[in-house]
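Spelled out, the chains give:
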Protein chains: 2
Amino acid sequence: MRANRADDKVAKRKPPPPMQFGADQPLWAAWLYYEEGLKQDEIAERLGISRASVFNLLQKARDEGIVTITIDPTRLERADLSVELKEKGGLLECYVLPAGGSAAALYDRIGRLGARILEQKIENDDVIGVAWGRTVMSLSKALSPANKPGVTVAQVTGSSIATYDFSPELCTSNIAARLNARCVNLHAPGVVSNPSMKTLLMQEPIIEQHFTLLRQCTKTLFGVTHLSGPTLLEDSGVMTEELLLQYQKKGAVGFASGYFFDPDGTIIRTGFDDRHIVMPIEDFINVPRRICIGGGAEKITAIQGMLKAALANVLITDQDTARSLCRIL
Amino acid sequence: MRANRADDKVAKRKPPPPMQFGADQPLWAAWLYYEEGLKQDEIAERLGISRASVFNLLQKARDEGIVTITIDPTRLERADLSVELKEKGGLLECYVLPAGGSAAALYDRIGRLGARILEQKIENDDVIGVAWGRTVMSLSKALSPANKPGVTVAQVTGSSIATYDFSPELCTSNIAARLNARCVNLHAPGVVSNPSMKTLLMQEPIIEQHFTLLRQCTKTLFGVTHLSGPTLLEDSGVMTEELLLQYQKKGAVGFASGYFFDPDGTIIRTGFDDRHIVMPIEDFINVPRRICIGGGAEKITAIQGMLKAALANVLITDQDTARSLCRIL
DNA sequence: AGCAATTTCTGGCAATTTTCAACAAGACGT
DNA sequence: ACGTCTTGTTGAAAATTGCCAGAAATTGCT
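Residues numbered from 1 in each chain as written. Chains lettered and ligands numbered in written order. Predicted model: local features only at pLDDT ≥ 70, side-chain atom pairs only at ≥ 80, totals over all residues. Heavy atoms only, no water.

(A) Representation of the overall build of chain A. Scanning chain A for helices and strands turns up 15 helices and 12 strands. Here chain A holds 329 residues, and the buried ones make up 53% of them. Looking at chain A alone, contacts between residues at least 24 apart form 68% of all its contacts between residues at least 6 apart. Carbon and sulfur atoms make up 50% of the accessible area of chain A, which amounts to about 15,100 Å² in all. (Helix = DSSP H or I, 4+ residues; strand = E, 2+ residues; numbered from the N terminus. Buried < 20%, exposed > 50% of the residue type's maximum accessible area, 1.4 Å probe, protein only. Contact = heavy atoms within 4.5 Å. Areas by Shrake-Rupley, 256 points an atom, 1.4 Å probe, with all protein chains shown as cover.)

This is the structure we're talking about:
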């Protein structure tokens, strides 16, 4: 395919033989560049291509994950703010995103941090329960491809009718896809019309089976939502303003992984809970590592309540939010 | 400590507040640079320091292993030459170093490749038997620091009196040190003066214990030596020319992990074997992953014999050697 | 406190990398 | 066989990074 047709027409082709490399050019270029420290020119010369092509090759290698640049996230854990927040918030682990980064949306930046941490923490037989949210979605997109066939990713809440770009199904399947893990979606609506329907549904073998799986979760991953102003809960069609108001009247300030709570961490319930298909909170609390990811000024009170309720074990947030939380906790 | 003394003498200090970052500046810089893709200028601005300092910070981060750049070695395994050699050589795995790299010595370059592969393959409870050789020594130096407290690194051959810079002790302890693993040296001479001394020594509790440990090896790591011309065996004072000649007369062409063999893979023995303190070959062959590392034109026949003798399971070599081996196998 | 040694930081220049717009080659439909 | 679209390549310009030698700050010592 790449045979020498130097004797075809004009013989003014490259005089040095282009060096018979294996098929995987990006890999070879990457090795010579990153491991042996050659300049792009030198590689270009050896491969018989232009500098620019070497650059493209290297870019491809980075994109395809042939070369990976990793930052040791345990360092982020050791940073002073993380330690303070970890102690004040009663957490097992806490990671704080440096302030002053790129202009990208905060949830994308926190999501990326979460991705790096998750990658590093995943063990082979993990069962990961995934809730939903914008930040969780960002995380899923920022995950670098990996091969973890022993891992199971399971959906924690039921699905929604409305299609929006960070639905429970999408979050779950995205993460599973990146990880090359088993993906177990919950094939049931997130909200049903009346309590007896919930009871019936929960008895369905397939659903029951799913909740049995969820009980084996080793990790869960979820975001937090605040309740005041326009929220994701309404936008996504999960709830109506009216229902939300009922929770707020009872003092709820936040919502995470399916439960509402007030700033003191008391779980708030209304009739809605009886129609909401979600992992029971007793089971949820038993999961060893419950990772909450999210940040932003609006969410501070919500996160405070979430921490008091001890829904999360591990918190991933940004510097400003962390500082505010440290002040009020 | 870093308080504002802007009102001390001259007020021409930095007007923008230097941004209150955590203590670990290199880490923050690294995150912003590698994860968020900011330019060094932008980071300098946000941190209130000069570009050059950001550069230094990043360098420090790289040096200290806060950021790591890795190449997925499994790709090298999939390269066409590797696959061919793996099949022809009856190997479990085979890795081939790209040709045309830096001008560094071949054993250093192969050692680096070996280091990357070893890092990636090490599991938590491994017991790694380490023989000696220049390439193994290079590997040990190229290993990046890791924390594997569950790993044991054990010396496969006895030590030598002469001190040279790639002795069994050094290879073993170097590797263990990099890995933060347990280091078990064999506190016995590599060669004793007569067979009965070997018998006696092997009965010593400490030695016996060591060989029991070796029997539990999950991996071994060793190089190959050719026998013609000036060899490491003589240089290191392990053997005399005369002894070597005895092996060569019987057809031996190579030496690896303590055994001599001919090109067909038959193990060659002389009286020397009865004075050589080394892991018994029956035990050696039982180790699940036997990693041989080495390359170079001189070694081709030796590697051929080594492969035929099935001493190795996994081979790490360079492109030229791999091509030659494919031709003759 | 005063001075010298040492460390850390900086400005600017050189080298390297990245981008870009134009161009060549192959694939495809007509 | 012809244009057209896609894909990949290139040289040169623009941007970014790497480096060094001198400046500032810090430290250690008397």
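(B) Looking closely at the protein's contact with DNA strand C. Close contacts around DNA strand C come from Y33(A), K39(A), Q40(A), F55(A), I49(B), S50(B), A52(B), S53(B) and N56(B), and that covers them all. Here Q40(A) contributes a backbone N or O atom positioned 3.2 Å from a phosphate oxygen of DNA strand C. For DNA strand C, a phosphate oxygen lies 3.1 Å from a polar atom in the backbone of S50(B). At three residues, helix α3 (residues 51–63) of chain B tops the list of elements feeding residues into the surface near DNA strand C. Of the residues assigned to the surface near DNA strand C, the class counts are four nonpolar, four polar and one charged. (Near = heavy atom within 4 Å. Polar contact = N/O pair within 3.5 Å; in protein donor to acceptor, adjacent residues only side chain to side chain. Nonpolar A, V, L, I, M, F, W, Y, C, P; charged D, E, K, R; others polar.)

(C) Expanded view of the protein's contact with DNA strand D. The full set close to DNA strand D counts 11 residues, and S50(A), S53(A), Y33(B), Q40(B) and F55(B) are the nearest of them. Backbone sugar and phosphate groups make up 85% of those atoms of DNA strand D lying within 4 Å of the protein. Between Y33(B) and DNA strand D, the recorded distance is 2.9 Å, taken from a side-chain N or O atom to a phosphate oxygen. Q40(B) is positioned with one of its backbone polar atoms (N or O) 3.0 Å from a phosphate oxygen of DNA strand D. Mapped onto the surface near DNA strand D, the elements with two or more residues apiece are α3 (51–63) of chain A together with α3 of chain B. Split into classes, the residues belonging to the surface near DNA strand D amount to five nonpolar, four polar and two charged.

(D) Looking closely at helix α6 (residues 106–121) of chain B. In this model, α6(B) (16 residues) spans 23 Å end to end at C-alpha, consistent with the 22 Å of a helix rising 1.5 Å per residue. Within α6(B), the full set of buried residues consists of R109(B), I110(B), G111(B), R112(B), L113(B), G114(B), A115(B), R116(B), I117(B), L118(B) and K121(B). (Expected span 1.5 Å × (residues − 1).)

(E) Fine view of the packing of aromatic side chains. Within the structure shown, the criterion is met by 14 aromatic pairs over all chains. A centroid spacing of 6.3 Å and a plane angle of 15 degrees characterise the contact between W132(A) and F166(A), whose relative ring orientation is stacked. Note that W132(A) is positioned in the loop between β3 (127–130) and α7 (134–142) and F166(A) in the loop between β4 (152–155) and α8 (168–179), a separation of 34 residues in sequence. Owing to a relative accessible area of 9%, F166(A) belongs among the buried residues under this scheme. With 4.9 Å between their ring centres and 90 degrees between their planes, Y33(B) and Y34(B) make a pair best called edge-to-face. Classification of Y33(B) as partly exposed rests on a relative accessible area of 27%. (Phe/Tyr/Trp six-rings, centres within 6.5 Å; stacked < 30°, edge-to-face > 60°.)

(F) Up close: the interface of chain A and chain B. Contact residues are listed per partner, giving 39 residues for chain A and 39 residues for chain B. Buried area between chain A and chain B, both sides added, is near 3,800 Å², and the carbon and sulfur share of it is 60%. Inspection of the region where chain A meets chain B yields five salt bridges. The interface formed by chain A and chain B includes 11 residue pairs in polar contact (both at pLDDT 80 or more). (Buried area = accessible area lost by both parts, 1.4 Å probe. Salt bridge = Lys/Arg side-chain N within 4 Å of Asp/Glu carboxyl O.)

(G) Examining the sheet that holds strand β12 (residues 314–318) of chain B more closely. Residues and elements named next belong to chain B. Sheet architecture is open: seven strands sit in the order β2-β12-β11-β6-β3-β4-β5, paired in parallel fashion. Because the sheet does not close on itself, it has two edges, and the strands there are β2 (93–97) and β5 (182–184). Taken over all neighbouring pairs, the strand axes of this sheet differ in orientation by 15 degrees on average, direction set aside. In terms of strand pairing, strand β11 (residues 289–293) meets β12 through three bridges, oriented parallel. Its bridge partner being in β12, C292 is matched across the sheet by L315. In the packing of helix α5 (residues 80–88) onto the sheet, contacts are made with β2 and β12, and the angle to β2 comes to roughly 140 degrees. Taken strand by strand, α6 contacts β2, β6 (219–222), β11 and β12, and its axis lies near 140 degrees from that of β2. (Pairing = 2+ DSSP bridges. Axes fitted to C-alpha atoms, helices over the stretch in contact; angles between N-to-C directions.)

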